[in-house]
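# A structural walkthrough
Here's the letter readout for the chains.
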Amino acid sequence: MNGFRGLFVTGTDTGVGKTIVTGALVAALRAEKRNIGVWKPVQSGALLGSGETDAERLLQYTGIDERAEHVAPFTFQAPLTPMLAAKQDGVEITLQEIISAGQPLANRYESILIEGAGGVAVPLTEDSLVVDLISELRTPALIVARTGLGTINHTLLTVSYLQQHGIKVTGFILNDGESDEIYNDSSITTNAELIERYCGIPFLGRFPRLMDEMNTEMLIQVIREKIQLTPIRQALTVQSMEEE
Ligand SMILES: Nc1ncnc2c1ncn2[C@@H]1O[C@H](COP(=O)(O)OP(=O)(O)OP(=O)(O)O)[C@@H](O)[C@H]1O
Ligand SMILES: C[C@H](N)[C@H](N)CCCCCC(=O)O
Ligand SMILES: [Mg+2]
C-alpha cells in the first residue's frame with residue numbers, strides 16, 4: 001500500500017512558483033501547531049549544498065529541522081526532466097524506489113505537502129510521469145498556476161488530466177511570480193473566475209510577487225492574508241479519517 005497522508009502540490013509548468021507556495025503553506029500550517037512535513041520526491045537542476053535546490057529552499061522557508069537529502073532523496077544536476085537528468089548522472093530510478101524513499105520522512109509527520117517537478121505530464125522515470133506518482137500516493141492535488149494570460153488553458157488542461165487519472169483536485173492558486181508581465185495584463189481580473197466556471201474547482205487565492213527576502217514569518221503572513229486554507233486543512237483531515 002503506497003497511500004500517503006498529504007497533499008500533492010503540482011503546477012501548470014516548471015517555474016510557476018510551486019516551491020515558494022508549498023513552503024509558505026507548510027509554514028502557515030505549522031504555525032497552527034500542525035505537524036506538517038514537506039517532501040520533494042525528485043529534484044533536478046542543481047546540487048545539494050548549492051543552496052539552490054528546492055529541498056534547501058523548502059527548509060529555509062519553513063524552518064523545518066530536517067536534512068535536505070531526506071526532504072529530497074533524489075537530486076540530479078542537469079536542468080532537465082528528472083528521468084533525463086538521472087540518466088545523465090548514470091542513474092535509473094523506479095517509481096517504487098521514489099515512493100519507498102519518501103516513506104521514512106512521511107512517517108515522522110501527521111501529514112506532508114509534496115512538491116512535484118514541473119507539471120503533471122513530466123517524465124519522472126523511464127515509464128512514469130508525475131501524474132503516476134500522484135496516483136500511486138493516493139493524495140489529492142493542489143495546482144499552482146501563473147496569474148496572467150494563458151493560464152486558463154494551462155489550468156483547465158491540468159485539472160482535466162488529473163481528473164482523468166482519478167485524482168481529486170482541492171483547488172488552484174494563482175501566483176504572480178517574479179515577472180513584470182502581469183502588470184499590463186487585463187486578463188488577471190477575470191482568469192480565476194473563468195477557470196472556476198469551466199472546471200468547478202475552487203480558487204484558493206492569488207499569491208503576490210514578493211520583493212523582499214522570503215523569511216518564514218513573512219510567508220505565514222502572506223498565506224493568512226491571501227490564501228484560503230480551509231479547503232487545504234479539510235483535504236488533509238478527510239484523508240486521515242479515510243485511512244482509519
Ligand atoms: N510570488 C513570487 N514572488 C517572487 N518571486 C517568485 C514568486 N514566485 C516564484 N518566484 C521565483 O520564480 C522562480 C521560479 O519559481 P519556483 O522555482 O518556485 O518554480 P517551481 O514551480 O517550484 O519550479 P520547479 O518545477 O523547478 O520546481 C524562483 O526564482 C522563485 O523564487
Ligand atoms: C529543471 C527543473 N527545475 C525541473 N523541475 C524539471 C522540469 C522539467 C520540465 C519538462 C517539460 O515539461 O518539458
Ligand atoms: Mg520547485
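Residues numbered from 1 in each chain as written. Chains lettered and ligands numbered in written order. Predicted model: local features only at pLDDT ≥ 70, side-chain atom pairs only at ≥ 80, totals over all residues. Heavy atoms only, no water.

The name recorded for the protein in an unreviewed UniProt entry is ATP-dependent dethiobiotin synthetase BioD, from Paenibacillus taichungensis. Taken directly from UniProt, the Sequence similarities (unreviewed entry) text for the protein runs: "Belongs to the dethiobiotin synthetase family." Under the Cofactor (unreviewed entry) heading, UniProt states for the protein: "Mg(2+)". (UniProt positions renumbered as here; feature names shortened; annotations may be inferred.)

### Quick word on the overall build of the protein
Each helix and strand in the protein was counted, giving 10 helices and 10 strands. Taken over the C-alpha trace, the protein has a radius of gyration of 17 Å; the compact-globule value for 244 residues is 18 Å, and the two agree within 12%. With the C-alpha coordinates of the protein rotated into their principal frame, the extents come out at 45 × 40 × 40 Å. Across the 244 residues of the protein, 52% fall into the buried class. Considering only contacts in the protein between residues 6 or more positions apart, those separated by 24 or more positions represent 79%. When the 19 basic and 31 acidic side-chain charges of the protein are each reduced to a single mean position, those positions are 5 Å apart. (Helix = DSSP H or I, 4+ residues; strand = E, 2+ residues; numbered from the N terminus. Rg over C-alpha atoms; globule rule 2.2 N^0.38 Å. Buried < 20%, exposed > 50% of the residue type's maximum accessible area, 1.4 Å probe, protein only. Contact = heavy atoms within 4.5 Å. Lys, Arg positive; Asp, Glu negative; His and termini not counted. Charge placed at Lys NZ, Arg CZ, Asp CG, Glu CD.)

### Regarding the site of ligand 1
Not every one of the 20 residues close to ligand 1 is listed here, only the nearest: Thr14, Lys18, Thr19, Pro208 and Leu210. Within the side chain of Asp54, an N or O atom sits 2.9 Å from an oxygen atom of ligand 1. In this structure, Glu115 approaches ligand 1 through a side-chain N or O atom, which is 2.9 Å from an oxygen atom. Notes on ligand 1: free accessible area 620 Å², of which the protein chains cover 83%. Structurally, ligand 1 is housed in the largest pocket. Listed by contribution, the elements that provide at least two residues to the shell around ligand 1 are α1 (18–30), α2 (54–62) and β5 (111–119). It is α1 that contributes the most residues to the shell around ligand 1, three residues altogether. Classifying every residue of the shell around ligand 1 gives six nonpolar, seven polar and seven charged. (Near = heavy atom within 4 Å. Polar contact = N/O pair within 3.5 Å; in protein donor to acceptor, adjacent residues only side chain to side chain. Areas by Shrake-Rupley, 256 points an atom, 1.4 Å probe, with all protein chains shown as cover. 1 Å grid on protein atoms, 1.4 Å probe; cavity = no way out; pocket = protein on both sides within 12 Å on 5 of 7 lines; lining within 4 Å. Sits in = over half its atoms within 2 Å of the grid points. Nonpolar A, V, L, I, M, F, W, Y, C, P; charged D, E, K, R; others polar.)

### Things to note about the site of ligand 2
Taken together, the residues surrounding ligand 2 are Thr14, Ser44, Pro79, Leu80, Thr81, Gly118 and Val122. Here ligand 2 loses 60% of its free accessible area of 390 Å² to cover by the protein chains. Structurally, ligand 2 is housed in the largest pocket. The residue inventory of the shell around ligand 2, partitioned by class, reads three nonpolar, four polar and no charged.

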